[in-house]
Amino acid sequence: MTDFQARVIVASNRASSGGYADTTGPVLVDGLRRLGATVTEPVVVPDGDPVERALREAVAARVDVVVTTGGTGVSPTDRTPEATARVLDYQIPGIAEAVRAYGVGTVPTAALSRGIAGVAGRTLVVNLAGSRGAVADGLAVLGPILAHAVDQLRGGDHPRPVDATAGVPPAVAAADSSAPAGSPSAVAAPPGGAEQTTVLPATGSSAGPRAAAGPAVAGPGPAGAHSHGAAAPGAAGTHSHVGAGPGAVGGHSHGAAAPGADGAHGQVTGPGAAGARGHDAGGGSIGWAAARIAAHAAGAAAPPEPVRLALPDAAGATLAEPVRARTPLPAFTTASVDGYAVRGAGPWRVSGRVLAGQVAVALADGTAVEIATGAMVPPGADQIIRVEDSTRDAEGLVSGQPRRPTPEWRVPGEEAVKGEELLPAGTPVTPGAVGVAAQCGYDELLVRRPPRATVLVFGDELLTEGLPGRGLVRDSLGPQLPGWLARIGALPTVSAPVAPVGDTLDAHVEAIATAAGAADLVCTTGGTMHGPVDHLHPALAQLGAEYVVDTVAVRPGFPMVLAKLPGGRFVAGLPGNPQSAVIGLLTLVWPLVAGLTGRSVPRLSRVRLGAEIAGRGDDTHLALARLEPDGLAYPLPHNGSAMLRGLAWADGFVLVPPGATGRVGEPAEFLPFPLSAGERP
């Protein structure tokens with residue numbers, strides 16, 4: 001991603017006056033830095049006119065991107081959109097619409113944000129609402145588009161692939177500055193009567209089954225329809241691409257996939273198979289970043305009902321409502337050290353002892369009590385003399401000096417005031433979160449449980465035990481996928497070993513229907529292409545599934561699928577080659593699980609490259625990489641889509657954008673594996 005200068009402006013009367021600490025600005029600064037920005041600490045100003053002054057100062061300083069947080073609501077003091085509008089030369093409505101749409105699926109009040117976005121001079125300005133959740137949503141939407149926007153504003157030539165929506169949420173793509181606000185952004189068809197691809201506006205009615213929830217991410221239509229781009233459904237003489245409406249079952253076939261393409265079997269596609277929609281070997285109907293957002297939005301639009309669980313049982317679930325301080329924290333003044341609580345001038349007569357858990361009585365002048373760390377400080381106490389700084393004479397009087405002018409005790413509300421939000425909805429319930437809830441007085445939590453997930457492996461060529469040979473290979477995905485599912489927040493419900501499903505359409509239909517009856521998510525492996533024994537797409541069509549994503553412009557792993565069955569269960573079709581399957585799981589299933597549980601889109605990190613990594617043409621390249629002690633990321637050998645050695649040693653995948661090459665020493669986005677520190681190879 002392009003390196004750029006950014007500035008964060010926090011609009012808050014209370015934070016600017018010191019009434020409480022700013023909690024959103026640091027999150028936004030950290031997120032922008034991860035996207036490659038050079039950004040200083042947040043500028044915190046009161047609501048209203050000070051926001052306009054801060055914006056004009058940033059524009060005058062020729063900052064590339066300014067993101068504001070706060071002041072976008074409907075209260076009388078929320079004036080950030082008005083202040084921003086006075087500074088902008090023109091607005092980009094699609095960005096603000098995409099940010100709002102992204103948040104509405106999990107927080108309906110996100111629709112109340114009046115934030116706008118646009119350009120002043122050569123500075124992109126974006127308003128976000130004033131919560132940490134809104135900031136996370138904004139970063140998820142801005143991540144795929146900032147580099148392109150900055151390049152354009154700097155006057156650079158930034159050619160786009162034929163799929164204009166690759167890597168960009170379509171609601172944002174509709175706001176491309178080359179088109180009037182609110183109108184479709186057209187990509188010219190190549191000569192010779194080739195297919196025409198159009199990008200629908202964010203409000204387009206043919207945006208697929210998820211159009212009404214989450215961001216307006218255009219997705220393929222019903223299973224069996226050929227869908228690649230954003231052409232309107234049924235347009236004469238065109239093929240419909242991402243966001244296409246319904247097409248005919250058994251739709252168009254686009255030639256043969258090259259031998260060795262991702263997928264365990266079905267390497268060669270051809271016309272005529274029921275429900276087939278062959279794709280050429282280089283095609284992908286949606287960009288990698290947009291696919292992640294589409295999967296997350298699909299999950300966020302179909303969350304399971306929350307349940308109340310006792311604190312010990314809630315670990316591993318996700319908060320469905322915030323955890324708030326039910327009393328001030330601490331609830332009373334507590335001693336930070338062992339010693340003597342004293343009142344008046346010394347020496348002091350010791351009148352008793354206060355231990356943790358006891359109620360202290362008021363001190364009289366010239367008296368002291370022994371006090372333990374964590375005990376209630378007696379009313380009237382002036383100071384605490386540490387036990388190591390005190391002496392007692394023969395008459396039992398205590399003398400000594402306090403170690404510091406400020407008393408060594410904690411006052412009510414020092415950590416949190418009553419009613420303050422400590423953990424927002426969508427927070428994973430870790431042991432630390434359980435501890436915070438217990439400290440606040442919770443006995444149980446309202447949470448969303450991990451979705452139940454099962455695995456189906458397709459292929460008559462698979463062995464579940466013994467040595468491979470004589471045309472048969474060991475299944476490596478059935479044993480490993482449950483572990484991945486557990487680490488991305490799902491609950492695997494898989495028996496071991498996973499018996500392969502036979503290569504017939506009836507067997508596929510029966511297996512998927514049976515698995516979906518007992519699980520929220522069915523992950524299948526293999527059969528995602530359109531060869532003679534690839535039955536996933538026809539099976540989905542027969543089951544009445546609707547696609548969320550059907551192929552992704554990424555290598556390896558492009559023939560990945562995410563669909564929703566009638567009744568709300570999801571099917572994730574992963575390619576049959578092991579590395580491709582893991583890429584499919586991390587691209588589609590991880591964000592889907594996050595959406596289902598109310599968590600945010602899994603975050604990318606930033607690394608610097610220790611070696612060059614080649615690109616993969618118009619597709620995003622996910623390259624296996626290891627983080628070495630020198631702080632650099634290095635690509636690994638044994639990285640073919642069918643190989644496992646590199647996968648076992650990697651820390652994650654380096655992202656090489658379409659049309660780019662990863663250069664030594666340059667920053668790159670990094671998709672880390674969902675492993676704990678002790679599991680890193």
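Just so we're clear, the structure is a prediction, and the values are computed from it rather than from any experiment.

Draft legend 1. Broad picture of the packing of aromatic side chains. Counting across every chain of the model gives 2 aromatic pairs. Each ring, one from Trp484 and one from Phe673, has its centre 5.2 Å from the other, and the planes form 75°; the classification is edge-to-face. Separated by 189 residues along the polypeptide, Trp484 in helix α12 (residues 477-487) and Phe673 in the segment after β36 (667-672) bring together distant segments of the chain. For the pair shown, Trp484 and Phe673 are each scored as buried. Taking relative accessible area as the criterion, Phe673 reaches 3% and is therefore assigned buried. In this structure an aromatic cluster arises from ring pairing among Trp484, Phe653 and Phe673.

Draft legend 2. The packing of α12 against helix α15 (residues 578-597), seen in detail. One can describe the packing of α12 onto α15 by two numbers: an axis separation of 11 Å at closest approach and a directional angle of 25°. In this view, α12 runs roughly parallel relative to α15, as classed from their interaxial angle. Crossing of α12 against α15: the hand is right-handed. Of α15, the residues touching α12 (which contributes Leu477, Gln480, Leu481, Trp484 and Leu485) are Pro578, Ala581, Val582, Leu585 and Val589. Across the contact of α12 with α15, the residue classes break down as 9 nonpolar, 1 polar and no charged.

Draft legend 3. Inspection of the packing of helix α9 (residues 288-300) against α15 at higher detail. At a minimum axis distance of 7 Å, the contact between α9 and α15 shows a crossing angle of 35°. You can see that α9 and α15 cross each other, and the crossing is right-handed. Across the interface between the two elements, Trp288, Ala291, Arg292, Ala295, His296, Ala298, Gly299 and Ala300 from α9 touch Thr587, Leu588, Pro591, Leu592, Ala594, Gly595 and Leu596 from α15. Here the contact of α9 with α15 is built from residues that sort into 10 nonpolar, 4 polar and 1 charged.

Draft legend 4. Representation of the sheet that holds strand β22 (residues 444-448) in the model. Pairing within the open sheet is antiparallel, and its 3 strands lie in the order β10-β22-β11. In this open sheet, the two edge strands, each paired with only one partner strand, are β10 (307-310) and β11 (318-319). Relative to β22, β11 runs antiparallel, the two sharing 2 bridges. Note that in β22 the partner of Thr318 across the bridge is Arg448.

Draft legend 5. Summary view of the pairing of strand β35 (residues 652-656). For β35, the tally of buried residues reaches 5 of 5 residues, placing the bulk of the element in the interior. Bridge count for strand β33 (residues 620-627) against β35 is 5 bridges, and the pairing is antiparallel. Paired with Ala625 across the strands is Gly652, a residue of β35. Pairing of β35 with β36 involves 3 bridges; the strand directions are antiparallel. Looking at β36, one finds that Phe653 is bridged to Leu671.

Rules used throughout
- Residues numbered from 1 in each chain as written.
- Predicted model: local features only at pLDDT ≥ 70, side-chain atom pairs only at ≥ 80, totals over all residues.
- Heavy atoms only, no water.
- Phe/Tyr/Trp six-rings, centres within 6.5 Å; stacked < 30°, edge-to-face > 60°.
- Helix = DSSP H or I, 4+ residues; strand = E, 2+ residues; numbered from the N terminus.
- Buried < 20%, exposed > 50% of the residue type's maximum accessible area, 1.4 Å probe, protein only.
- Axes fitted to C-alpha atoms, helices over the stretch in contact; angles between N-to-C directions.
- Parallel < 35°, antiparallel > 145°, perpendicular 65-115°, else oblique.
- Left-handed = near helix turned anticlockwise from the far one by under 90°.
- Contact = heavy atoms within 4.5 Å.
- Nonpolar A, V, L, I, M, F, W, Y, C, P; charged D, E, K, R; others polar.
- Pairing = 2+ DSSP bridges.

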